[in-house]
Amino acid sequence: PSDGVLNPVSQQTHSMDTETTENTALNFAAAATTEQKKPPLLRVQLEGHVLLKIAKHSRENAAVHPVVTGSLLGLDVGQVLEITECFPIPIHDAGDDGEDAESYELEMLRCMREINVDNNMVGWYQSSVSGSYQVLEIIDQFISSLESLERCVCLIYDVTSSLTGTYGIKAIRLADSFIEAYREGTLTIEKIKTKNISWEDVFVEIPITVHNSSLAVALMHEIETPLVTTQLDMDRLNMDAAPILEKNLEFLVECIDDLKAEQDKLSMYHLDMRKLHQKIMQWKLARRNENQQRRILGEEPLPEDPPENEFKKPTEPSQLDTLLLANQMHSYASQISAVGAQSIEKLLLFEHLSKQE
């Protein structure tokens, strides 16, 4: 360079180096963003002893407390959420503010850490009757848990289903589209249409695989009894399904009544909106006639739009209860269908056995 002026070749080289540095920085930023974004959750791996603890806690309290809860501990590994331990949460009175439960949970986590057990919270479990877990409280619990947990699942143990010989446990989470719509405020009809949300888009069921340690598998192999008919095998042939069907039908009828009440609220809202629209039209017509008289008298016309607080708009009811009721009705109908199908299969089996005799 001479007189402080850069050579054109040097200037071009400097520009290329700057561009290369910027591209490298952008590539690193894109790579960091990709690394931070976790892959979708595809499976929940549940330890066998955790399943036994949940079943024991739920069945022992089913007669007095249909819904019991507990905390789930484990590890978040890629697309699999491993649940390795759990502990029940004591049932408190309705007047408690929840501080005792929180202190108990923190103390349990401290004890788990001292004995080298996984103490990472990954969700909670709760028992249910005939799949009746789709309530507003579980939505609030999910939203509250997601503030501190990146991934959160809830294990639902259905005591009624387990008594009929089915698996009786499922893992659920909230759908991403529903979480986004719920955080924006009241779920109105317009918002549901815009987000394209239906009752099937509230909860997402995640497949569960039960895992046992090698020592547990070896122990089960050692204590395995010969293939003989036991009382448990005979209990599976129990055909007394009437109480379960009757209870599910009662729940289904209650849901239909509640859904009818929600539809009445929506119909009342539309009726109030029509009445409000008529009042606004009458007010504008009266103001228009008044302005005609003022123009004749040479006076300034008044605004023809009503003041902001002149008419109170009715509050549109939330459609969240309607979505949850639709989920409950689907669960009860599925339970009735499953129990009915099992009863028919048992009848056909007994009919075939009686013909052979």
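Data block above holds the structure.
### Section: the overall build of the protein chain
- Check the secondary structure of the protein chain and you find eleven helices and eight strands.
- Going through the 357 residues of the protein chain one by one, you find that 30% of them count as buried.
- Contacts in the protein chain between residues far apart in sequence, at least 24 positions, make up 75% of those at least 6 positions apart.
- Just so you have it, the protein chain exposes about 23600 Å², and 56% of that area is on carbon and sulfur atoms.

### Some thoughts on a negative patch on the surface
- A grouping of Glu246, Glu250, Glu254, Asp257, Asp258 and Asp321 is seen on the molecular surface, where their side chains present a negatively charged patch.
- Mapped onto the secondary structure, Glu254 falls in helix α10 (residues 242–296).
- Residue classification places Glu254 among the partly exposed positions, given a relative accessible area of 45%.

### Topic: the nonpolar core
- Formed by 24 residues in total, the largest nonpolar core has its most connected members in Ile138, Ile139, Phe142, Ile172, Leu174, Phe178 and Phe203.
- At the level of secondary structure, the elements contributing two or more residues to this core comprise α4 (136–145), β5 (153–158), β6 (169–174), α6 (176–183) and α11 (320–356).
- Looking at this core element by element, the count peaks at four residues for α4.
- Counting residues in hydrophobic clusters, the runner-up holds 21 residues, among them Ile54, Cys86, Val153 and Ala171.

### Considering the packing of aromatic side chains
- Scanning all chains against the criterion turns up five aromatic pairs.
- Centroid distance Tyr133 to Phe203: 5.7 Å. Interplanar angle 70°. Geometry classified as edge-to-face. Remark: Phe203 occurs in strand β7 (residues 203–206) and Tyr133 occurs in the loop between β4 (121–128) and α4; sequence separation between them is 70 residues.
- By relative accessible area, Phe203 is classed as buried at 11%.

### Considerations on the environment of His330
- Among the structural elements, His330 can be located in helix α11.
- Take His330: its relative accessible area is 43%, and that puts it in the partly exposed class.

### Points about a nonpolar patch on the surface
- Residues Leu219, Met220 and Ile223 make up a contiguous nonpolar surface patch of roughly 330 Å² in combined accessible area.
- Along the chain, Met220 turns up in helix α8 (residues 214–223).
- Classification of Met220 by relative accessible area gives exposed; the value is 53%.

### Structural notes on the sheet that holds β4
- One open sheet holds the eight strands; their spatial order is β7-β6-β5-β4-β2-β3-β1-β8, and the pairing between them is mixed. The sheet is open, and its two borders are formed by β7 and β8 (208–211), each paired with just one other strand. Each strand axis lies, on average, 35° off the axis of its neighbour in the sheet, ignoring direction.
- Relative to β6, β5 runs antiparallel, the two being bridged by four bridges. Counted as the bridge partner of Ile156 is Lys170 from β6.
- Along the sheet face, helix α2 (residues 48–60) touches β1 (43–47), β2 (69–77), β3 (80–88), β4, β5, β6 and β8 and points at about 40° away from the line of β3.
- The sheet contacts of α4 involve β4, β5, β6 and β7, and relative to β6 the element is tilted by about 65°.

Procedures and definitions
- Residues numbered from 1 in each chain as written.
- Predicted model: local features only at pLDDT ≥ 70, side-chain atom pairs only at ≥ 80, totals over all residues.
- Heavy atoms only, no water.
- Helix = DSSP H or I, 4+ residues; strand = E, 2+ residues; numbered from the N terminus.
- Buried < 20%, exposed > 50% of the residue type's maximum accessible area, 1.4 Å probe, protein only.
- Contact = heavy atoms within 4.5 Å.
- Areas by Shrake-Rupley, 256 points an atom, 1.4 Å probe, with all protein chains shown as cover.
- Patch = residues over 30% accessible without salt bridge, like charges linked within 9 Å, V, L, I, M, F, W, Y side chains within 5 Å.
- Salt bridge = Lys/Arg side-chain N within 4 Å of Asp/Glu carboxyl O.
- Lys, Arg positive; Asp, Glu negative; His and termini not counted.
- Charge placed at Lys NZ, Arg CZ, Asp CG, Glu CD.
- Core = buried A, V, L, I, M, F, W, Y, C linked by side-chain atoms within 4.5 Å.
- Phe/Tyr/Trp six-rings, centres within 6.5 Å; stacked < 30°, edge-to-face > 60°.
- Pairing = 2+ DSSP bridges.
- Axes fitted to C-alpha atoms, helices over the stretch in contact; angles between N-to-C directions.

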